[in-house]
Amino acid sequence: MVHLFALIISTSLTGVVLDQPSLELGPHSLYFEDTTGNITIAQVRAGEFDAQLQKHERDVPNFGLSNSIYWFKINVENRLDTERLVFSNRYGLIDNFEFYLDLPGLEGSAQFGGDHLKFSKRYRSHKSIHFPVEIPIGQTATLYVRAQTNGSMQLPMVIETEYAFDNFTLADTSLWVLFYGVMLAMCIYHLLLYISLREVQYVLCAGFLFLIVLTNAALNGDTLRYVFPNNPYWGNM
């Protein structure tokens, strides 16, 4: 009886109403861990693992470094005035990411993403993992996510209108371009100081600043986007 009650409570927590242009899904999602790697979407849809579903303790699910596969389930009711939406995981450095959208009486096919996908194959040229979705106005869709990675497992999942997604990507890109511009300007400034003063500490400082740029570009996916957009293998080295 206790087990059944917990299952009912867990299932009720998966639902969320989309009534704003952008909505974080982490607080409304349920997940379970697949340590074998053998679980299929058919089994998840059939509810074979509903008893294992649970909420993450954080609004943005984060599992650190893990070799496991994580499945997520979220029910979303669309109360916006548009059915054209974008689902995105704003942390793009997930190796293998599968997304399914089921409507009443209609099972959606798999959409694949992750940092092994060429940028030319993506819906938008952005470092996040994202997919176009259509949820008829007033209807409820069930979203399923299967994620696996050899790095950090972070899942800041969002569903939003295309306009909201484009605004986010513009603001995100502008912020990082400003950061890179300032850091590279400081790097060049210290190189010029070295040329005029011939003091080695300015070269070391310039190198340190350049390493900061490279590290941040690698950690947020910009090396994949700008340096190796169609060669993900080198971007994951």
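Just above sits the structure.
Overview of the structure. (Residues numbered from 1 in each chain as written. Predicted model: local features only at pLDDT ≥ 70, side-chain atom pairs only at ≥ 80, totals over all residues. Heavy atoms only, no water.)

Quick look at unusual backbone geometry
With glycine set apart, most residues show a phi of negative sign, and most peptide bonds adopt trans. Notably, arginine 198 is not glycine yet its phi reads approximately 60°, a positive angle. With relative accessibility at 58%, the residue arginine 198 sits in the exposed group. (Buried < 20%, exposed > 50% of the residue type's maximum accessible area, 1.4 Å probe, protein only.)

Focus on the sheet that holds strand β12 (residues 157-161)
Taken together, the four strands give an open sheet; going across it, the order is β2-β12-β6-β9, and neighbouring strands pair in antiparallel fashion. Sheet topology places β2 (22-24) and β9 (129-134) at the edges, where each strand pairs with a single neighbour. Put simply, the sheet's adjacent strands are angled 20° from each other on average, direction ignored. In this structure, strand β6 (residues 84-89) lies alongside β9, joined through six bridges in antiparallel fashion. Along β9, the bridge assignment pairs valine 86 with proline 132. (Pairing = 2+ DSSP bridges. Helix = DSSP H or I, 4+ residues; strand = E, 2+ residues; numbered from the N terminus. Axes fitted to C-alpha atoms, helices over the stretch in contact; angles between N-to-C directions.)

Concerning the nonpolar core
Membership of the largest hydrophobic core comes to 34 residues, with the highest contact counts inside it found for Leu25, Phe87, Phe97 and Ile159. Residue assignment for this core shows that the elements contributing at least two residues are β1 (15-18), β5 (69-78), β6, β7 (96-102), β9, β10 (140-148) and β12. Among residues more than four places away in sequence, those in contact with leucine 25 are Val16, Ile74, Val76, Phe87, Leu143, Met157, Val158 and Ile159. The next biggest cluster of nonpolar side chains, apart from the first, holds eleven residues, and it includes Phe32, Phe49, Trp71 and Tyr144. (Core = buried A, V, L, I, M, F, W, Y, C linked by side-chain atoms within 4.5 Å. Contact = heavy atoms within 4.5 Å.)

Concerning the environment of asparagine 78
Locating asparagine 78 in the fold gives a position in strand β5. With 60 residues separating them in the primary sequence, asparagine 78 and leucine 18 have C-alpha atoms 5.0 Å apart. Beyond its immediate stretch of four places on either side in the chain, asparagine 78 contacts Leu18, Glu83, Leu85, Ile135, Pro136, Ile137, Gly138 and Gln139. Polar side-chain contacts of asparagine 78 include one of 3.0 Å to the backbone nitrogen of leucine 80. (Polar contact = N/O pair within 3.5 Å; in protein donor to acceptor, adjacent residues only side chain to side chain.)

Some points on the packing of aromatic side chains
Summed over the entire model, instances satisfying the criterion amount to 14 aromatic pairs. A ring pair is formed by phenylalanine 87 and phenylalanine 131, whose centres lie 6.5 Å apart and whose planes are at 20°; its orientation type is stacked. Placement of the pair is phenylalanine 87 in strand β6 and phenylalanine 131 in strand β9, with a sequence separation of 44 residues. For the pair shown, phenylalanine 87 and phenylalanine 131 are each scored as buried. One aromatic cluster in this structure is built from Tyr31, Phe63, Tyr70 and Phe72. Lying over the aromatic face of phenylalanine 168, arginine 90 brings its terminal NZ or CZ to 3.7 Å of the ring centre. (Phe/Tyr/Trp six-rings, centres within 6.5 Å; stacked < 30°, edge-to-face > 60°. Lys NZ or Arg CZ within 6 Å of the ring centre and 35° of its normal.)

Things to note about the environment of leucine 18
Positionally, leucine 18 belongs in strand β1. A relative accessible area of 0% means that leucine 18 is categorised as buried.

Topic: helix α4 (residues 200-219)
Under the 1.5 Å per step criterion, the end-to-end length of α4 is 29 Å for 20 residues, consistent within 8% with the ideal 28 Å. Looking only at α4, the buried set comprises Ala206, Leu209, Val213 and Ala217. Down the axis of α4, the smallest arc covering the buried residues is 75°, so these residues share one side. For α4, the exposed residues lying more than 90 degrees away from the buried face are Val200, Leu204, Phe208, Leu211 and Leu219. Buried residues along α4 sit in contact with α3 (162-197) and α5 (222-227). One or two steps after α4, the chain reaches glycine 221, where phi turns positive at roughly 90°. (Expected span 1.5 Å × (residues − 1). Arc of directions from axis to C-beta.)

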